[in-house]
Amino acid sequence: MTRKKITSLLSLFCFLVLFGGCKPYGKVVYQIIYSSGYVRDCYTRDVLTPIEGTNYQIGWQETEGSKDSGKYDLQILDDMGEILFVYQGLGSRTMRGVAGSDETVWLCSERWSSVHYNGYRSGDLKESVLLLANMENGEILFSQELEENELYLTSVGTKCYFYYGGKEAKEKLFGLYKIPKKDAEIYYRDNADWSEKVSVYGFDYVEWPDDMDNEASVEERIRFYVNEREIVVAFTTYEQTEKQTNKWEYIEKLRVAIPLE
């Protein structure tokens, strides 16, 4: 086959993907929206991120070997950008934080495998580290490695809330051994007994609701509106709403409010 024919076939494939009803993105986008108005999703590439509910910021500093290991120095800064504390090797290029109690902050350092995006796409969260730090002296009071695809949402008191997108059923050993499906859910872990996972809300899907599949949509997005009292989960699609003007919008399909205990 000549190079010209190969190029033509590749061009035809791209056209079919973009305009033939197939989605150019294979993952569901996660978007976390805090009550302050700060938003984090796969397009966010901030070097400094506000720690929700405080005047502090969280940042990362590249060190030798960071690009290979994915581990950076984690910095805590004040609102003027002055570095207050540094935690070597605990940072990443994707981090968030929220206020704790008694001058503490919860910090989450995430490592994603999303190609061409800065994380926040379903199935791509490989590992995270959750920290509780004392802002009076910088002491780390609690540290925990999180499970794969365990998306940290927020903390209330000693309870840390997570979203898990579920996992499809699998068969092993030629069907002799079956791993059942796990539906998506929101749950919390208490740092007094981290091994216990307490379900707060269960969904009836893996990754994305089947009844919301829409060939007109080129992106599915789950928005998490987070505050101290509740987490609101909103399922949205990105669709063309007007053909003549080629207008595209995010359309909210369903919204679920989940009170926090």
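Structure shown above.
Q: Just give me the short version of the sheet that holds strand β8 (residues 104-112), but keep the residues and values in it.
A: Taken together, the four strands give an open sheet; going across it, the order is β7-β8-β9-β10, and neighbouring strands pair in antiparallel fashion. Each of the sheet's edge strands pairs with one partner strand only, and the pair in question is β7 (94-99) and β10 (140-146). Going across the sheet, the axis of each strand differs from the next one's by a mean of 15°, ignoring polarity. In the sheet, β8 pairs with strand β9 (residues 125-134) via nine bridges, with the strands oriented antiparallel. Considered in β9, the bridge of W112 is made with L125.

Q: Could you give me a rundown of the layout of surface pockets, with the residues and numbers involved?
A: There is about 500 Å³ of room inside the largest pocket. Around the largest pocket sit 25 residues that line it, and N149, Y164, G165, G166 and K167 are the ones nearest its centre. Taken together, the elements giving at least two residues each to the lining of the largest pocket come down to β12 (159-164) and β15 (185-190). Considering only residue class, the lining of the largest pocket consists of eight nonpolar, five polar and twelve charged. Space inside the second largest pocket adds up to approximately 350 Å³. Lining the second largest pocket are 19 residues, with R45, R93, T94, Y117 and N118 sitting closest to its centre.

Q: Requested: an account of the side chain of N227, with residues and values cited.
A: Position of N227 relative to the elements: it lies in the loop between β17 (217-226) and β18 (230-242). Owing to a relative accessible area of 19%, N227 belongs among the buried residues under this scheme. Within polar-contact distance, the side chain of N227 engages the backbone nitrogen of R229 at 2.8 Å. At a separation of 2.8 Å, a polar atom in the side chain of N227 contacts the main-chain amide nitrogen of E230.

Q: Before we move on, can you summarise the pattern of salt bridges with the specific residues and values?
A: Charged atoms that come close allow side chains of opposite charge to pair. Applying the stated criterion across every chain, the model contains 13 salt bridges. K159 serves as the salt-bridge partner of E261, at 3.6 Å between the closest nitrogen and oxygen. One end of the pair, E261, is in the segment after β19 (247-259); the other, K159, is in strand β12, and 102 residues separate them in sequence. On the accessibility criterion, E261 (52% relative accessible area) is exposed. On the basis of relative accessible area, K159 is assigned to the buried category, the value being 19%. Between K247 and E249 there is a salt bridge; the shortest N-O distance is 3.9 Å.

Cut-offs applied
Residues numbered from 1 in each chain as written. Predicted model: local features only at pLDDT ≥ 70, side-chain atom pairs only at ≥ 80, totals over all residues. Heavy atoms only, no water. Pairing = 2+ DSSP bridges. Helix = DSSP H or I, 4+ residues; strand = E, 2+ residues; numbered from the N terminus. Axes fitted to C-alpha atoms, helices over the stretch in contact; angles between N-to-C directions. 1 Å grid on protein atoms, 1.4 Å probe; cavity = no way out; pocket = protein on both sides within 12 Å on 5 of 7 lines; lining within 4 Å. Points joined across faces, edges and corners; volume = space filled by probe spheres on them. Nonpolar A, V, L, I, M, F, W, Y, C, P; charged D, E, K, R; others polar. Buried < 20%, exposed > 50% of the residue type's maximum accessible area, 1.4 Å probe, protein only. Polar contact = N/O pair within 3.5 Å; in protein donor to acceptor, adjacent residues only side chain to side chain. Salt bridge = Lys/Arg side-chain N within 4 Å of Asp/Glu carboxyl O.

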